[in-house]
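Letter by letter, the chains look like this.
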Amino acid sequence: MSEPKEIRRYGFESFDCAPALRLEAHERVSRLQIDGLKERIARHEATIERLEKRLWLTVYGVVGVVLAEAFQSFVLQAS
């Protein structure tokens, strides 16, 4: 990431004060936490998609078995 551009004022030296350093540290920690949450959400979404595919495969399998049994009973009754 790019560091903020330092502002120079004539006659004054730049310095870091404790409240500003704490605020910067808090912002970095917050950014890391948010990035971690985004990664976890992406992993959860991928897991949900895989589970959804498995669910639909199961539903289609059950429907196929029911239809096959219905067709088989229809063929046995017709003969």
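Residues numbered from 1 in each chain as written. Predicted model: local features only at pLDDT ≥ 70, side-chain atom pairs only at ≥ 80, totals over all residues. Heavy atoms only, no water.

A. The overall build of the protein chain, seen in detail. Counting its regular elements, the protein chain contains one helix and zero strands. Looking at the protein chain as a whole, 0% of its 79 residues are labelled buried. Just so you have it, the protein chain exposes about 8300 Å², and 62% of that area is on carbon and sulfur atoms. (Helix = DSSP H or I, 4+ residues; strand = E, 2+ residues; numbered from the N terminus. Buried < 20%, exposed > 50% of the residue type's maximum accessible area, 1.4 Å probe, protein only. Areas by Shrake-Rupley, 256 points an atom, 1.4 Å probe, with all protein chains shown as cover.)

B. Up close: the UniProt feature "transmembrane region" (unreviewed entry) in the protein chain. UniProt annotation of "transmembrane region" (unreviewed entry) refers to residues 55-76 when read in the numbering used here. Secondary structure over residues 55-76 splits into 100% helix and 0% strand, and the C-alpha atoms at its two ends are 32 Å apart. (UniProt positions renumbered as here; feature names shortened; annotations may be inferred.)

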